Protein chains: 2
Amino acid sequence: MKNIIKYPEQNTWETLLKRPALEKKDLRNTVQEIFLKVNQNGDAALKEFALKFDQVSIDNLLVSTEETEFAINEVSVELKDAIAQAKENIYKFHLAQKEQSIEIETTEGVICWRESRAIEKVGLYIPGGTAPLFSTVLMLAVPAQIAGCQEVILCTPPQKDGSINPAILYTAQLCGITKIFKVGGAQAVAALTVGTESIPKVDKIFGPGNQYVTQAKQLAMEYNVAIDLPAGPSEVLVIADEEANPEFCAADLLSQAEHGNDSQVIFISTDENVFNDTLKEIDKQVAELPRNEIAKLALENSRFILMRTVDEALEMSNFYAPEHLILAVENPRNYIAKITSAGSVFLGNYTPESAGDYASGTNHTLPTNGFAKNYSGVSLDSYVKKITIQEISKTGLQNIGKTIELMAAAEGLNAHKNAVSLRLKSLKNGI
Amino acid sequence: MKNIIKYPEQNTWETLLKRPALEKKDLRNTVQEIFLKVNQNGDAALKEFALKFDQVSIDNLLVSTEETEFAINEVSVELKDAIAQAKENIYKFHLAQKEQSIEIETTEGVICWRESRAIEKVGLYIPGGTAPLFSTVLMLAVPAQIAGCQEVILCTPPQKDGSINPAILYTAQLCGITKIFKVGGAQAVAALTVGTESIPKVDKIFGPGNQYVTQAKQLAMEYNVAIDLPAGPSEVLVIADEEANPEFCAADLLSQAEHGNDSQVIFISTDENVFNDTLKEIDKQVAELPRNEIAKLALENSRFILMRTVDEALEMSNFYAPEHLILAVENPRNYIAKITSAGSVFLGNYTPESAGDYASGTNHTLPTNGFAKNYSGVSLDSYVKKITIQEISKTGLQNIGKTIELMAAAEGLNAHKNAVSLRLKSLKNGI
């Protein structure tokens, strides 16, 4: 096991915690080409790309009712129950994020408030690849449903036989998604951005993906489409004191490591025994994992760090700004106030990170790559706009009118001033 | 007066409401060059650009205490009082946006909540140009103060004599900003993105600007810095029924038109008299404006539309998604539920748009260019990240453990499953 660091000085943290440099190929031109083709040829371009990139011939991009019904029968009752419980928890947590509209009287007669409105059309992208992420369908579609988005479109690449994984289809229909398209990669994002004969143009695009999808989402913004979050490889930081369970710590670190070669896991312990035992446990557990080749590669990007106090460990965590932060320490609630940057936090020995991935109720679409410093994860807020509203009475305008006139004049914006002056004059004449 | 349209059919709306095409020069290369130079040469590059673009020689980029003190004396007591009232209202409205953290028990023993944390370092850009926008300093700095951002940096271009407008300096110090730099344009955004000897690198950049600044903010995102909003020219849509006052309508339309040549104003009336009188009033009022050349150019992009009902007018407004929407109609509150897309809404005859620009308390940094469909304006939310936190008890994990195991297995993520299985096993053995 490499990358063991004991009691590092603060001035070494930056180098120590450097994330593995993303092989940032310049995909801009490639993806721009894809956008142009989708814009010109619509569905035909999408079918061409499916043949070229996925080696699948697609007749109908839209998943049919029959296909969905077939998928519903394919999913076991057990899994359906599991999905139902996860959905309920996600629903409860996101429903609680609804903002109550409160009127604020900032000055007598001047009333201001905010109201939320759903973003009308949203597009969800669910990647294909090694894992069929039906959990991500829940995470992206449930808040869309709560927000009341009018149109929720899902794009996901077809499997080799032209079908979509049944669990993805099942979950999508469970969340009220009626339009599911067999299209993946940058071309899916392009289709949601510019629209084709069958795929509607949307206002915002959500979902994970590879470097092409990430680049396509960046390009979508230049077409005035919003996106959920900038993307990056998944990561976890575990802080463990003497109360931590090495077996659990190892399992949590590995559950992040199995995501992809480029995942990063950081383990900080204040206890040498827990530290050493966790290292041993990792070796033991990794051997038994089906995805252990991926996990082993990811472990090469890992860091195992001994530190003196949990406070110091938290300082380091804030500096790193992890996507997931596990506090496997005594009385973890005592440390919450000290967390300044993290995507999602897991408290104590019985809150594994995978609970947040599936079923605790929090969203698993989170800021990675240090973005926890300046972005929040996906929440109900991601699906709404908040409109400010103001209503000023005659008295209200008399109370703030002079202020507006003076400020507008000082900024040299006389028409702004005039809009108030004319009203104040009419009120004066009215008396 | 051009652009008068009477009772347009719905299928003509798209063409009718097309925003003036932005002359989208490809500034990417130019701005990329600026970023590279600032990255390489730091402060020296900024001083070179000041000389080149602003024809000003700057010794010290940081505004000195003496300069700020001088500015404080320069601003009149009257204007100080006005700024104080505006600040108080903005403060009250944004303070009310603080989210209370509520714990949700999604399943027995599974507790989830969110906590807000300030984005640590934010950079505010205040453009120079025709109007010294000290009101924008209030709009961007007051919520930063409420959020508790640790470092709030302000960049603004120097005037020809090397000084900064006193009202900008006064307002900045009033809002607790201690680091104000004399640097403008794309190079200011570059400095905030990569950092220089004197200007700290920030996590998020706020503020309006010209096309170079807009392009620079787009580029900043590729350097992992967040931005407030994509930018576009200012716009207002006024809906007026027979209760509207043509004099006021004209003044509101002109207060938007004076912003810039590329501003757009749209007037929709359901009453022919109000419609015709407003057109006349515009001609009368525009003649007296100091910035009437700008306003006249903007009016060329304007639309004056007669429609049959306020409901139909609102449908058109939602389609356009205006930055500012004025409802100069009887019982405006009755129509709020029908608004789906707008940046900020102004109700009734005594709520001019300029009230929101300065002093009602709402933020004037709003989505333009149709972005009201998918973005909110700046609010307290823009300065914080919301971290999700979960705490699961032993019972809690027993309640949702099987769900996580089943879902993880179905996604082929065995380490995720294992993190739960090991814990459930230890609990079973513990009994």
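Throughout what follows, the structure given in this document is the object of discussion. (Residues numbered from 1 in each chain as written. Chains lettered and ligands numbered in written order. Predicted model: local features only at pLDDT ≥ 70, side-chain atom pairs only at ≥ 80, totals over all residues. Heavy atoms only, no water.)

1. Topic: the sheet that holds strand E8 (residues 226–227) of chain A
Residues and elements named next belong to chain A.
Right, on to step 1. In space, the five strands of this open sheet follow the order E6-E5-E4-E7-E8, with parallel pairing throughout. Lying at the two open borders of the sheet, with one neighbouring strand each, are strand E6 (179–182) and E8.
Right, on to step 2. Across four bridges, the pairing between strand E5 (residues 151–156) and E6 is parallel. Counterpart to isoleucine 153 in the pairing with E6 is lysine 179. (Pairing = 2+ DSSP bridges. Helix = DSSP H or I, 4+ residues; strand = E, 2+ residues; numbered from the N terminus.)

2. Brief notes about the relation of the copies chain B and chain A
Right, on to step 1. Each copy superposes on the other: chain B lies on chain A with an RMSD of 0.0 Å after a rotation of 180° and an axial shift of 0.0 Å. Look at the turn and shift together and you get a two-fold axis relating the two. Within chain B, Glu99(B) has its C-alpha nearest the rotation axis, a separation of 4.4 Å.
Right, on to step 2. The residues that chain B uses at the interface reappear at the interface of chain A in 98% of cases, marking a shared surface. (Least-squares fit on C-alpha atoms with pLDDT ≥ 70 in both. Contact = heavy atoms within 4.5 Å.)

3. Some words on unusual backbone geometry
Right, on to step 1. Of note in this structure, Asn224(A) is not a glycine but carries a positive phi near 70°.
Right, on to step 2. When its relative accessible area of 33% is taken as the criterion, Asn224(A) is described as partly exposed.
Right, on to step 3. In this model, Asn369(B) sits at a positive phi of 60°, which is unusual for a non-glycine residue.
Right, on to step 4. Relative to the elements of secondary structure, Asn369(B) occurs in the loop between helix H14 (353–358) and strand E14 (384–392).
Right, on to step 5. Classification of Asn369(B) by relative accessible area gives buried; the value is 18%. (Buried < 20%, exposed > 50% of the residue type's maximum accessible area, 1.4 Å probe, protein only.)

4. Digging into the side chain of Thr362(A)
Right, on to step 1. With respect to the helices and strands, Thr362(A) occurs in the loop between helix H14 (353–358) and strand E14 (384–392).
Right, on to step 2. For Thr362(A), a relative accessible area of 0% translates into the label buried.
Right, on to step 3. In terms of polar contacts, Thr362(A) uses its side chain to reach the side chain of Ser360(A), at 3.3 Å.
Right, on to step 4. A polar atom in the side chain of Thr362(A) sits 2.7 Å from the side chain of Gln390(B).
Right, on to step 5. Each residue touching Thr362(A), except ones within four places of it in the same chain, is listed here: Phe93(A), His94(A), Met139(A), Ser344(A), Gly356(A), Cys112(B), Thr388(B), Ile389(B) and Gln390(B). (Polar contact = N/O pair within 3.5 Å; in protein donor to acceptor, adjacent residues only side chain to side chain.)

5. Focus: the interface of chain B and chain A
Right, on to step 1. Chain B puts 125 residues into the contact, and the matching count from chain A is 123 residues.
Right, on to step 2. Of the roughly 10,600 Å² buried where chain B meets chain A, counting both sides, 56% is carbon and sulfur surface.
Right, on to step 3. Ranking the residues of chain B by area buried against chain A places Tyr350(B), Glu411(B) and Arg423(B) at the top, with a combined share of 8%.
Right, on to step 4. Summed over the shared surface of chain B and chain A, the result is 11 salt bridges.
Right, on to step 5. The partner of Lys402(B) in a salt bridge is Glu78(A), with the nearest N and O atoms 4.0 Å apart. (Buried area = accessible area lost by both parts, 1.4 Å probe. Salt bridge = Lys/Arg side-chain N within 4 Å of Asp/Glu carboxyl O.)

6. A closer look at the pairing of E14(B)
Right, on to step 1. For E14(B), the buried fraction is high: eight of the nine residues fall into the buried class.
Right, on to step 2. With four bridges joining them, strand E13 (residues 344–347) of chain A and E14(B) adopt parallel strand pairing. Bridge pairing in E14(B) links Leu347(A) to Glu391(B).
Right, on to step 3. Summarising the sheet, strand E3 (residues 110–118) of chain B and E14(B) pair through nine bridges and their orientation is antiparallel. Directly across from Cys112(B), in E14(B), lies its bridge partner Gln390(B).

7. Description of the packing of aromatic side chains
Right, on to step 1. A full pass over the atoms with the stated rule returns 16 aromatic pairs over all chains.
Right, on to step 2. A centroid spacing of 6.2 Å and a plane angle of 20° characterise the contact between Phe267(A) and Phe275(A), whose relative ring orientation is stacked.
Right, on to step 3. We classify Phe267(A) as buried; its relative accessible area is 0%.
Right, on to step 4. Taken together, a centroid distance of 4.2 Å and an interplanar angle of 0° make the contact between Phe206(B) and Tyr383(B) stacked. (Phe/Tyr/Trp six-rings, centres within 6.5 Å; stacked < 30°, edge-to-face > 60°.)

8. A few points about the pattern of salt bridges
Right, on to step 1. Overall, the coordinates contain 37 salt bridges over all chains when judged by the stated rule.
Right, on to step 2. Close ionic contact of Glu67(A) with Lys182(A) constitutes a salt bridge, the shortest N to O distance being 2.5 Å. Of the two residues, Glu67(A) sits in helix H4 (residues 65–74) while Lys182(A) sits in strand E6, which places them 115 residues apart along the sequence.
Right, on to step 3. Given the relative accessible area of 8%, Lys182(A) is considered buried.
Right, on to step 4. The partner of Lys386(A) in a salt bridge is Glu99(A), and the shortest N-O contact between them spans 3.4 Å. One end of the pair, Lys386(A), is in strand E14; the other, Glu99(A), is in the loop between helix H5 (77–95) and strand E2 (104–107), and 287 residues separate them in sequence.
Right, on to step 5. Linked by salt bridges that have partners in common, Glu99(A), Arg114(A), Asp381(A), Lys386(A), Glu99(B), Arg114(B), Asp381(B) and Lys386(B) make up one network.

9. With respect to helix H9 (residues 211–222) of chain B
Residues and elements named next belong to chain B.
Right, on to step 1. In a regular helix each residue adds 1.5 Å, so 12 residues correspond to 16 Å; H9 covers 17 Å between its end C-alpha atoms and thus fits that length.
Right, on to step 2. Every buried residue of H9 is accounted for by Val213, Gln215, Ala216, Lys217, Leu219 and Ala220.
Right, on to step 3. Structurally, H9 contributes buried residues whose contacts are with helix H2 (28–41), strand E4 (121–125), helix H8 (185–194), strand E7 (204–206) and strand E8 (226–227).
Right, on to step 4. Looking at where H9 begins, the residue whose side-chain oxygen comes 3.0 Å from the main-chain nitrogen of tyrosine 212 is asparagine 210. (Expected span 1.5 Å × (residues − 1).)

10. So, the environment of Asn60(A)
Right, on to step 1. Relative to the helices and strands, Asn60(A) resides in the loop between helix H3 (43–54) and H4.
Right, on to step 2. A relative accessible area of 51% places Asn60(A) in the exposed class.

11. Examining the packing of helix H10 (residues 246–257) of chain B against helix H11 (residues 272–287) of chain B
Residue and element names in this part refer to chain B.
Right, on to step 1. With their axes 8 Å apart at the nearest point, H10 and H11 run at an angle of 55° to one another. Considering the angle they form, H10 stands oblique to H11. The crossing of H10 and H11 is right-handed. Contacts between H10 and H11 involve Pro246, Glu247, Cys249, Ala250, Ala251, Leu253 and Leu254 from the first element and Val274, Asp277, Thr278, Glu281, Ile282, Gln285 and Val286 from the second. (Axes fitted to C-alpha atoms, helices over the stretch in contact; angles between N-to-C directions. Parallel < 35°, antiparallel > 145°, perpendicular 65-115°, else oblique. Left-handed = near helix turned anticlockwise from the far one by under 90°.)

12. Comments concerning the sheet that holds strand E9 (residues 235–240) of chain A
Right, on to step 1. Spatially, nine strands are ordered E1(A)-E11(A)-E10(A)-E9(A)-E12(A)-E13(A)-E14(B)-E3(B)-E2(B) in an open sheet, and the strand pairing comes out mixed. Two strands lie at the open edges of the sheet, namely strand E1 (4–6) of chain A together with strand E2 (104–107) of chain B, each paired on one side alone. The average undirected angle you get between the axes of adjacent strands in this sheet is 20°.
Right, on to step 2. Along the sheet, H5(A) makes contact with E2, E3 and E14 of chain B, crossing E2(B) at roughly 170°.

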